[in-house]
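Structure assessment
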Amino acid sequence: AQSVTQLDSQVPVFEEAPVELRCNYSSSVSVYLFWYVQYPNQGLQLLLKYLSGSTLVKGINGFEAEFNKSQTSFHLRKPSVHISDTAEYFCAVKPRGSGGSNYKLTFGKGTLLTVNP
Amino acid sequence: DTEVTQTPKHLVMGMTNKKSLKCEQHMGHRAMYWYKQKAKKPPELMFVYSYEKLSINESVPSRFSPECPNSSLLNLHLHALQPEDSALYLCASSHPGGGTEAFFGQGTRLTVV
């Protein structure tokens, strides 16, 4: 089984400041890692994913994340945020391998990023 | 076309009503999903269809009945719902396989009165 912990339920920042949203996971098997964003009254949109290879992953809207296997972390960063980045951010994992379980995305509880002027 | 389209966007139904939620994608994805999301919570997986066959049912009550008529369409039939079933219902699709991301629709906001 997998579990995902997003360490901060809310992160308020000022516009143009850097931000880091933290994500740790636990799994008995290797996993794929994802970050999704959800704007108010919308569905989820993929920001970035880690499958293999370079541990620094770049995504859309200037976001990036670094996979750290030893610390089982996948923190999301942006060097300078905009008002429009205000949204809920979900970290998620999916097990590698075959079988029905690899359809299951396990989400963290989410982090509400609020960017203030 | 990278969209998953859900209809309706909003739905209000009584506890004795029967209604259906619809989801459509034209990305050639052969895995389709229903999620339920309560306010300020992450999405919870309900059902997964793989190649039009029900692959996962996360012990969802029988008042929710999924249907996958073809590889592009996914329905969720609703009957005798309870007020606590009010939520945002999200459809998603992906290529089968673990390394592929799911594409989500905008959701149907369901209110049971």
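Report on the accompanying structure.

Cut-offs applied
- Residues numbered from 1 in each chain as written.
- Chains lettered and ligands numbered in written order.
- Predicted model: local features only at pLDDT ≥ 70, side-chain atom pairs only at ≥ 80, totals over all residues.
- Heavy atoms only, no water.
- Helix = DSSP H or I, 4+ residues; strand = E, 2+ residues; numbered from the N terminus.
- Rg over C-alpha atoms; globule rule 2.2 N^0.38 Å.
- Buried < 20%, exposed > 50% of the residue type's maximum accessible area, 1.4 Å probe, protein only.
- Areas by Shrake-Rupley, 256 points an atom, 1.4 Å probe, with all protein chains shown as cover.
- Lys, Arg positive; Asp, Glu negative; His and termini not counted.
- Charge placed at Lys NZ, Arg CZ, Asp CG, Glu CD.
- Contact = heavy atoms within 4.5 Å.
- Buried area = accessible area lost by both parts, 1.4 Å probe.
- Salt bridge = Lys/Arg side-chain N within 4 Å of Asp/Glu carboxyl O.
- Polar contact = N/O pair within 3.5 Å; in protein donor to acceptor, adjacent residues only side chain to side chain.
- Nonpolar A, V, L, I, M, F, W, Y, C, P; charged D, E, K, R; others polar.
- Pairing = 2+ DSSP bridges.

1. Topic: the overall build of chain A
Assigned secondary structure in chain A consists of zero helices and twelve strands. Start at the N end of chain A and walk to the C end: the helices and strands fall as β-β-β-β-β-β-β-β-β-β-β-β. Over its C-alpha atoms chain A spans a radius of gyration of 14 Å, differing by no more than 12% from the 13 Å that the globule rule assigns to 117 residues. In terms of its C-alpha atoms, chain A occupies a principal-axis envelope of roughly 45 × 30 × 20 Å. Split into buried and exposed, the 117 residues of chain A put 44% on the buried side. Carbon and sulfur atoms make up 50% of the accessible area of chain A, which amounts to about 5,600 Å² in all. On chain A, the mean spot of the 10 positive side-chain charges and the mean spot of the 8 negative ones are 14 Å from each other.

2. Concerning the interface of chain A and chain B
For interface size, the figure often reported is the accessible area lost on association. Between chain A and chain B, the contact holds 22 residues from the first and 26 residues from the second. Between chain A and chain B, the buried area comes to about 1,900 Å², and carbon and sulfur atoms account for 54% of it. At the boundary of chain A and chain B, one finds two salt bridges. For the salt bridge of K49 of chain A with E101 of chain B, the shortest nitrogen-to-oxygen distance reads 2.6 Å. At the surface where chain A touches chain B, the tally comes to six residue pairs in polar contact (both at pLDDT 80 or more). Those elements that place two or more of their residues in the side of chain A that touches chain B are β5 (31–38), β6 (44–50) and β10 (87–95) of chain A. No other element matches β5 of chain A, which puts four residues into the side of chain A that touches chain B. Here the residues of the side of chain A that touches chain B sort into eleven nonpolar, seven polar and four charged.

3. Some remarks on the pairing of strand β5 (residues 44–50) of chain B
Residues and elements named next belong to chain B. The buried fraction of β5 amounts to six of the seven residues, a majority that puts the element mostly inside the structure. Judged from the six bridges that link them, strand β4 (residues 31–37) and β5 form a sheet pairing that is antiparallel. Its bridge partner lying in β5, Y33 is registered against V48. Between the antiparallel neighbours β4 and β5 lie six residues, among them K40 with a positive phi of about 60 degrees. Alignment of β5 against strand β6 (residues 53–57), held across four bridges, turns out to be antiparallel. The residue bridging Y49 from the neighbouring strand is L54, located in β6.

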